[in-house]
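Observations on the model geometry
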Amino acid sequence: MKSAWRRRAWRCGTAAAMAVVLLAASLRAQQPALPEMTLTQWDNAAYEIEVSISADGSAVWTKARLDEVAEHLPQAARRTMGAAWHVSVAGATAQGVGAKSPAPSLPAKKVQLHLKSSGTAFEVEAQESDPLAGWQGPVVRREVAALSDLNFSCWSALHGAVMPQALVTAAKDDKVTVRLRAGGIPLRDDRAASLRVGAVLCLAPPAGAESTFLVVESTPGAEAVCHVVGAGSLSIVPGETLAFQVSPPGGSTRLRVVRRGDSAPLAALEVAVDEGANDAPQLAGRTDRQGEAVVPAGKSPLVYVTVSNESAPLARWPLVPGWPREQTIELDVSAEALARQAALAALRTRVLELAVRREAGQARAKARRDAGKAAEADQIAAALRKDVEAEGKQIQTAIEQQLAAAGDDAAEALWRELAESLRKELDRLSQ
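Parameters and conventions
- Residues numbered from 1 in each chain as written.
- Predicted model: local features only at pLDDT ≥ 70, side-chain atom pairs only at ≥ 80, totals over all residues.
- Heavy atoms only, no water.
- Helix = DSSP H or I, 4+ residues; strand = E, 2+ residues; numbered from the N terminus.
- Buried < 20%, exposed > 50% of the residue type's maximum accessible area, 1.4 Å probe, protein only.
- Contact = heavy atoms within 4.5 Å.
- Areas by Shrake-Rupley, 256 points an atom, 1.4 Å probe, with all protein chains shown as cover.
- Phe/Tyr/Trp six-rings, centres within 6.5 Å; stacked < 30°, edge-to-face > 60°.
- Salt bridge = Lys/Arg side-chain N within 4 Å of Asp/Glu carboxyl O.
- Pairing = 2+ DSSP bridges.
- Axes fitted to C-alpha atoms, helices over the stretch in contact; angles between N-to-C directions.
- Core = buried A, V, L, I, M, F, W, Y, C linked by side-chain atoms within 4.5 Å.
- Parallel < 35°, antiparallel > 145°, perpendicular 65-115°, else oblique.
- Left-handed = near helix turned anticlockwise from the far one by under 90°.
- Nonpolar A, V, L, I, M, F, W, Y, C, P; charged D, E, K, R; others polar.
- Expected span 1.5 Å × (residues − 1).

So, the overall build of the protein chain
Counting its secondary structure elements, the protein chain contains 7 helices and 20 strands. Of all 431 residues assigned to the protein chain, the portion counted as buried reaches 45%. Taking the intrachain contacts of the protein chain between residues at least 6 apart in sequence as the baseline, contacts between residues at least 24 apart amount to 66%. For the protein chain, the accessible area works out to roughly 21400 Å², and carbon and sulfur atoms hold 52% of it.

Details of the packing of aromatic side chains
All chains considered together, the criterion is met by 2 aromatic pairs. Seen from their ring centres, tryptophan 61 and phenylalanine 122 are 5.8 Å apart, and the 75° between their planes marks the pair as edge-to-face. In this pair, tryptophan 61 sits in the loop between strand 2 (47–55) and helix 3 (63–81) while phenylalanine 122 sits in strand 5 (residues 121–130), placing the two residues 61 residues apart along the sequence. For the pair shown, tryptophan 61 and phenylalanine 122 are each scored as buried. Considering the side-chain rings of tryptophan 85 and tryptophan 155, the 5.6 Å spacing of their centres and the 65° angle between planes classify their relative orientation as edge-to-face. In this pair, tryptophan 85 is assigned in strand 3 (residues 85–89) and tryptophan 155 in helix 4 (residues 150–161), connecting sequence segments 70 residues apart. Each member of the pair, tryptophan 85 as well as tryptophan 155, carries the same accessibility label: buried.

Digging into the side chain of serine 308
Along the polypeptide, serine 308 turns up in strand 18 (residues 303–309). With residues up to four places along the chain from it excluded, the contact list for serine 308 reads Leu269, Glu270, Pro313 and Leu314.

Topic: the pattern of salt bridges
As enumerated under the stated definition, the model contains 21 salt bridges in all. The partner of lysine 110 in a salt bridge is glutamate 50, and the shortest N-O contact between them spans 2.6 Å. Here glutamate 50 lies in strand 2 and lysine 110 lies in strand 4 (residues 109–118), a separation of 60 residues in the sequence. For the salt bridge of lysine 116 with glutamate 125, the shortest nitrogen-to-oxygen distance reads 3.2 Å. Using a relative accessible area of 31% as the deciding quantity, one classes lysine 116 as partly exposed. Residue glutamate 125 is classed as buried on the basis of its relative accessible area, which comes to 16%. Through salt bridges with shared partners, one network takes in Lys116, Glu123, Glu125 and Arg141.

What about the sheet that holds strand 15 (residues 270–274)?
Taken together, 4 strands build an open sheet; the order of strands is 16-15-18-19 and the sheet is antiparallel. The sheet is open, and its two edges are formed by strand 16 (282–286) and strand 19 (312–319), each paired on a single side. On average, each strand axis in the sheet is tilted by 25° relative to the strand beside it, whichever way the strands run. Two elements, strand 18 and strand 19, share 7 bridges in a ladder whose sense is antiparallel. Residue pairing across strands places valine 307 opposite alanine 315, the latter belonging to strand 19.

Digging into the sheet that holds strand 20 (residues 326–331)
Pairing within the open sheet is mixed, and its 3 strands lie in the order 17-14-20. In this open sheet, the two edge strands, each paired with only one partner strand, are strand 17 (292–295) and strand 20. The sheet shows a mean angle of 30° between the axes of neighbouring strands, direction not considered. The pairing of strand 14 (residues 253–259) with strand 20 spans 6 bridges and is classified as parallel. Along strand 20, the bridge assignment pairs arginine 254 with glutamate 326.

Describing the side chain of glutamate 270
With respect to the helices, strands and loops of the structure, glutamate 270 is situated in strand 15. On the basis of relative accessibility, which here comes to 17%, the residue glutamate 270 falls in the buried class.

Remarks on the nonpolar core
Ile49, Leu73 and Trp85 are the most contacted members of the largest nonpolar core, which totals 30 residues. Mapped by element, the contributors of at least two residues to this core are strand 2, helix 3, strand 3, strand 4, strand 5, strand 7 (140–144) and helix 4. Grouped together as the second largest cluster of nonpolar side chains are 17 residues, Leu255, Val257, Val271 and Ala315 included.

A word on the packing of helix 3 against helix 4
Packed helix pairs are characterised by how far apart their axes lie and by the angle those axes make with each other. One can describe the packing of helix 3 onto helix 4 by two numbers: an axis separation of 9 Å at closest approach and a directional angle of 55°. One way to sum up the angle between helix 3 and helix 4 is to call them oblique. In the crossing of helix 3 with helix 4, the sense of the turn from one axis to the other is right-handed. Residues Arg65, Glu68, Val69, His72, Leu73, Ala76, Ala77, Thr80 and Met81 of helix 3 lie in contact with helix 4, whose contacting residues are Leu150, Asn151, Phe152, Cys154, Trp155, Leu158 and His159. Class assignment for the residues of the contact of helix 3 with helix 4 results in 10 nonpolar, 4 polar and 2 charged.

A word on the environment of serine 117
Position of serine 117 relative to the elements: it lies in strand 4. C-alpha of serine 117 to C-alpha of alanine 59: the two residues are 58 residues apart in sequence and 9.2 Å apart in space. Ignoring anything within four residues of it in the chain, the contact list for serine 117 reads Asp56, Ser58, Val60, Trp61 and Phe122.

Some words on helix 4
Between its first and last C-alpha atoms helix 4 spans 17 Å; for 12 residues at 1.5 Å apiece the expected length is 16 Å, and the two agree. With 12 of 12 residues buried, helix 4 is to be regarded as a mostly interior element.

Some thoughts on helix 3
With 19 residues, helix 3 extends 27 Å from end C-alpha to end C-alpha; this agrees with the ideal 27 Å at 1.5 Å per step. Considered for burial, the residues of helix 3 that qualify are Val69, Ala70, His72, Leu73, Pro74, Ala76, Ala77 and Met81. Along its buried surface, helix 3 packs onto strand 2, strand 3, strand 4 and helix 4. Of the residues flanking the end of helix 3, it is glycine 82, one or two places downstream, whose phi is positive at about 65°.

Spelled out as structure tokens, the structure:
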């Protein structure tokens, strides 16, 4: 009963995932061109999926158990995907199941399935790869509650790792038209129409600011017209094959921001999120000592993340929260620049504390004067002026020292702009 419940829960979760956010990875030009294939043949071509099974050194992974998994996977593909998938397991006696496509064969999808054991805990990892293009999809992990659930967990991991494909039928400027291949999703399945307006396709495993996305703008017929976001120098051409990964909506992504070169964590950086256009960035938090911060889900699948240091933007890139669950961002930031900006943050804090002391002192002086104690009010006001003058001179001296230490024109310009705002605040406090 428990295993059946897991099957139903997983199927429902997968259907919901595929209906909302699609993420893509390019298989690139090493794949054979498809000029001789008609769109109908492309739509109906079954997937050829070659699975390799490996395991760690645990004694629990016997040959009989691995053979059982190898026999189960093609059977599960036949029951769940029908003729859309043709699965074979390397080195296994079990034969692939599913009708082969009469169309010219496409490169087989290769999936590595790895079984891991840690005491009484078991886990399955699955990863799709394209050896020709040197591309690898994300690692999909499934926990195995009991060895009796191993077959189902292996199938679940395999199903999650295999990416539906699409063909680029047109590309011009920042618009790309793609056509979904039915080999990834059986035609009898409602998920075949999941290229809906608002869906987001990722053209590469997310890699910091270099991530590229396609946002579906319209769905004429069986195709989807998409707007390219964050493409940079990437060129997408008709005839190119794309592979899609599915992620459930509403997730969050844990960022880890490090310095390029030595991977040192960058702490106390501001992480803001907006949805593009005229949407104002909203502060999501600051990186902690490990350089980590969480980007929450937004109202739209695609958001923009900006990392700043004391209001100075360091990087901005598009992101689908929840895909990936974790992302490391490398920034070209020198230790000297971070030290200068940290010093400025400390000066800002001193100015703020001085403003608080001034307002508190003025309130005490007013209270004494209202009570008819003018002499005490004058003493408080005099001490307050002395405090503001002394602290103000110290802060201004520190500002001049930081300006003198600026190592380049850009750093000096940034310091002068930020330092001027502090001077104006000090002048106001001195009045």
